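Here is what each chain is made of, one letter per residue.
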Amino acid sequence: MSSKDINIKICVLGLGYIGLPTASMFATHGYDVLGVDVRRDVVEKLNKGEIHIYEPGLSTLVEAAVKSGNLKAVSSPEPSDAYIIAVPTPVTKEHKADMSYVENATKSIIPFLRKGNIVILESTSPPRTCLDLICPLLEGSGLKAGEDFFVAHSPERLMPGKILKELIGNDRIIGGINAVSSEKARDLYLAFAQGEIILTDSTTAEMTKLVENTFRDVNIALVNELARICDKINVSVWDVIKMANRHPRVHLHNPGPGVGGHCIAVDPWFIVEIAREESRLIQLAREINDSQPDYFISNIEKIIEKHGPGAITFFGLTYKPDVDDIRESPSFPIVRHFMNKGYDIKIYDPYVSPSGFPMALSFREAVEYARYLVFIVGHREFALGNFSNAGKIIIDAGNILVNCKVSSDCLRYTLGSGITHSNA
Ligand SMILES: NC(=O)c1ccc[n+]([C@@H]2O[C@H](COP(=O)([O-])OP(=O)(O)OC[C@H]3O[C@@H](n4cnc5c(N)ncnc54)[C@H](O)[C@@H]3O)[C@@H](O)[C@H]2O)c1
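Remember, predicted model here, so these are calculated numbers, not experimental data.

Here we look at the overall build of the protein chain
Counting its regular elements, the protein chain contains 14 helices and 13 strands. In summary, the protein chain has a C-alpha radius of gyration of 24 Å against a globular reference of 22 Å for 424 residues, a match within 12%. Projected onto its principal axes, the C-alpha positions of the protein chain cover 70 × 50 × 40 Å. Looking at the protein chain residue by residue over its 424 residues, the buried ones come to 54%. Taking as baseline every contact in the protein chain between residues at least 6 positions apart, the subset at least 24 positions apart corresponds to 68%.

Right, here's the structure in full:
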């Protein structure tokens, strides 16, 4: 199998944010791709050339892949040459990696596994998953890992909102259970990957992916802690960060209302699970980031206590700007707190409208509804918004409205800027 050998069949298990773009990319590069998902609605939509998630450019790519006849979706695997596993790896309530999806996906491959096949794990996974979970399960077929079939980890570093660009352009780490596995996996991705492909062993690749997200989590915890300190001493953490980052070796992140998503809020726990005693800083960072929504809530309450009661509109439910992904989003504990306390609230998010929440239908309706406007997520629509905000009290979790005009009779509070001290 080489990059020029497109006469091979690829089976992608899991057609979500990672699997669907990957499957479509291989299909539009001439490969025969079978997309497998346990969700019937995902399979049905895909076969009509439609998608169930929002990602810029993805619907055009998927439509092209399906129309070319190279991408077909089904509910269970069929015999293929390469299998790519891109199923969820969430964390349990006890902060342990939930590997049940990877386990089930791997088991579903066993009846079809043949000599010469390669199985690639894309799901973010704890170190030694390829060696201790995938290989023993697949060897249940009677074939020998590393000799009859090959296994590699190829973690994804894709940023939602830029997935298609990064899928092609990012450098990629590929770690096989042996050198042949690494090389076979690399040859496959050469179909479209333009970034450098760095080969290593499977456990190093697994650990590298976890370390990347842990780096970001720890750095966000640092600035979230600095935001609290700056609130206390009434200086702007945003000014401090801007100025500190003029130092050639300082690169501070941005604080916010907490850390969400399927990766940064989850992956550090996989390291903690295997090395609890050694991972004190990583655990502390998780605690700081997990308690940040509570910190923001307490500040909103202080501001309401100061100015008196009024309706509140919350802007943004997703875990980051301009995506439709709400997994682990810190917006939910914040919004639920005020719902449960009986506040008169509305929520506005241009990307999602979950049931059970009092959603406003437009930005304008959302602004007009309440006296308190709480901006949690910096969707482009809010950040660029020039809206009539006369008489409003604006509470901003992330310097979201930094470039917006605010009426002179309007109060603005920003997290990390002495939040209980307004611009007034
Ligand atoms: N979303 C991201 O930004 C991102 C970035 C880097 C890495 N990752 C990692 O990639 C993996 C997948 O994440 P995602 O965001 O694509 O998840 P997702 O939830 O969007 O998609 C996963 C899909 O797998 C399907 N599935 C579950 N079990 C299955 C099985 N046995 N067979 C076939 N399909 C099955 C689900 O129905 C779902 O549609 C995770 O390990 C995640 O940590 C995600």
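Here we look at the site of the ligand
Surrounding the ligand, one finds 24 residues, the nearest of these being I18, D37, T89, T124 and R327. At a separation of 2.6 Å, an oxygen atom of the ligand approaches a polar side-chain atom of T89. Measuring from an oxygen atom of the ligand, one finds a backbone N or O atom of T124 at 3.0 Å. Relative to its unbound accessible area of 840 Å², the ligand is 92% covered by the protein chains. Tallied by class, residues from the shell around the ligand come to 13 nonpolar, 6 polar and 5 charged.

Observations regarding the layout of surface pockets
Taken as a whole, the second largest pocket holds about 270 Å³ of empty space. Top element by residues in the lining of the second largest pocket is helix α11 (residues 280–307). It accounts for 5 residues. For the lining of the second largest pocket, the per-class residue count stands at 7 nonpolar, 4 polar and 5 charged. When residues of the lining of the second largest pocket are sorted by domain, at least three fall in each of domain 1 (9–195) and domain 2 (267–414).

Details of the pattern of salt bridges
If you walk through the whole model with that rule in mind, you get 16 salt bridges. Here E139 ties to K144 by a salt bridge, and the two come within 3.7 Å at their closest N and O atoms. Note on K144: relative accessible area 43%, which makes it partly exposed. Residue R186 is joined to D187 by a salt bridge in which the shortest nitrogen-to-oxygen separation is 3.5 Å. The partly exposed category is assigned to R186, whose relative accessible area is 26%. Bridged by salt links that share partners, the residues D217, R286 and D290 form one connected network.

Observations concerning the sheet that holds strand β13 (residues 411–414)
One open sheet accounts for 5 strands, arranged β10-β9-β11-β12-β13; its pairing is parallel. In this open sheet, the two edge strands, each paired with only one partner strand, are β10 (345–348) and β13. For this sheet, the mean inter-axis angle between neighbouring strands, taken without regard to orientation, is 15 degrees.

Points about helix α3 (residues 58–67)
Taken residue by residue, α3 has L58, L61, V62, A65 and V66 as its buried positions. For α3, the arc enclosing every buried residue in end-on projection is 125 degrees, short of the 170-degree limit, so these residues lie on one face. Away from its buried face, by an angle of more than 90 degrees, α3 presents the exposed residues T60 and K67. Remark: G69 follows α3 within two positions and exhibits a positive phi of approximately 85 degrees.

So, the sheet that holds strand β3 (residues 71–74)
Here 8 strands make up an open sheet; going across it, the order is β3-β2-β1-β4-β5-β6-β7-β8 and the pairing mixed. Both edges of this open sheet fall to β3 and β8 (197–201), since each of them pairs with a single strand only. In this sheet, neighbouring strand axes are inclined to one another by 25 degrees on average, regardless of whether the strands run parallel or antiparallel. Pairing analysis gives 4 bridges linking strand β5 (residues 118–121) to strand β6 (residues 150–153), with the strands arranged parallel. When the bridges of β6 are listed, L121 appears paired with H153.

Overview of the packing of helix α8 (residues 202–233) against helix α9 (residues 237–244)
Close contact between α8 and α9 brings their axes to 9 Å; oriented N to C, the two are set at 125 degrees. The angle between the axes of α8 and α9 places the two elements in the oblique class. In contact with V223, L226, A227 and C230 of α8, α9 contributes V237, V240 and I241. Of the residues in the contact of α8 with α9, the class split is 7 nonpolar, no polar and no charged.

Looking at empty space enclosed by the protein
Across all of its chains, the model carries 1 cavity of 30 Å³ or more by this definition. Here the largest cavity is characterised by a volume of approximately 50 Å³. In terms of lining, the largest cavity is formed by P155, E156, R157, L158, E166, L167, N170, D171, R172 and I173. Of all elements in the fold, only α6 (163–169) and β7 (172–176) reach the threshold of two or more residues within the lining of the largest cavity. Class assignment of the residues belonging to the lining of the largest cavity gives a composition of 4 nonpolar, 1 polar and 5 charged.

Considerations on the domain arrangement of the protein chain
Looking at the protein chain, the domain boundaries give domain 1 (9–195) and domain 2 (267–414). Put simply, the middle of domain 1 and the middle of domain 2, counted by C-alpha atoms, are 34 Å apart. At the interface, 16 residues of domain 1 touch 13 residues of domain 2. Both sides of the domain 1 and domain 2 interface together cover about 1300 Å² of buried area, and 61% of this is carbon and sulfur. Considering only the side of domain 1, the residues that lose the most area to domain 2 are Y17, Y54 and H95, jointly responsible for 39% of the buried surface there. Scanning the region where domain 1 abuts domain 2 turns up 0 salt bridges.

Cut-off values and rules
Residues numbered from 1 in each chain as written. Predicted model: local features only at pLDDT ≥ 70, side-chain atom pairs only at ≥ 80, totals over all residues. Heavy atoms only, no water. Helix = DSSP H or I, 4+ residues; strand = E, 2+ residues; numbered from the N terminus. Rg over C-alpha atoms; globule rule 2.2 N^0.38 Å. Buried < 20%, exposed > 50% of the residue type's maximum accessible area, 1.4 Å probe, protein only. Contact = heavy atoms within 4.5 Å. Near = heavy atom within 4 Å. Polar contact = N/O pair within 3.5 Å; in protein donor to acceptor, adjacent residues only side chain to side chain. Areas by Shrake-Rupley, 256 points an atom, 1.4 Å probe, with all protein chains shown as cover. Nonpolar A, V, L, I, M, F, W, Y, C, P; charged D, E, K, R; others polar. 1 Å grid on protein atoms, 1.4 Å probe; cavity = no way out; pocket = protein on both sides within 12 Å on 5 of 7 lines; lining within 4 Å. Points joined across faces, edges and corners; volume = space filled by probe spheres on them. Domains from an automatic or database assignment. Salt bridge = Lys/Arg side-chain N within 4 Å of Asp/Glu carboxyl O. Pairing = 2+ DSSP bridges. Axes fitted to C-alpha atoms, helices over the stretch in contact; angles between N-to-C directions. Arc of directions from axis to C-beta. Parallel < 35°, antiparallel > 145°, perpendicular 65-115°, else oblique. Buried area = accessible area lost by both parts, 1.4 Å probe.

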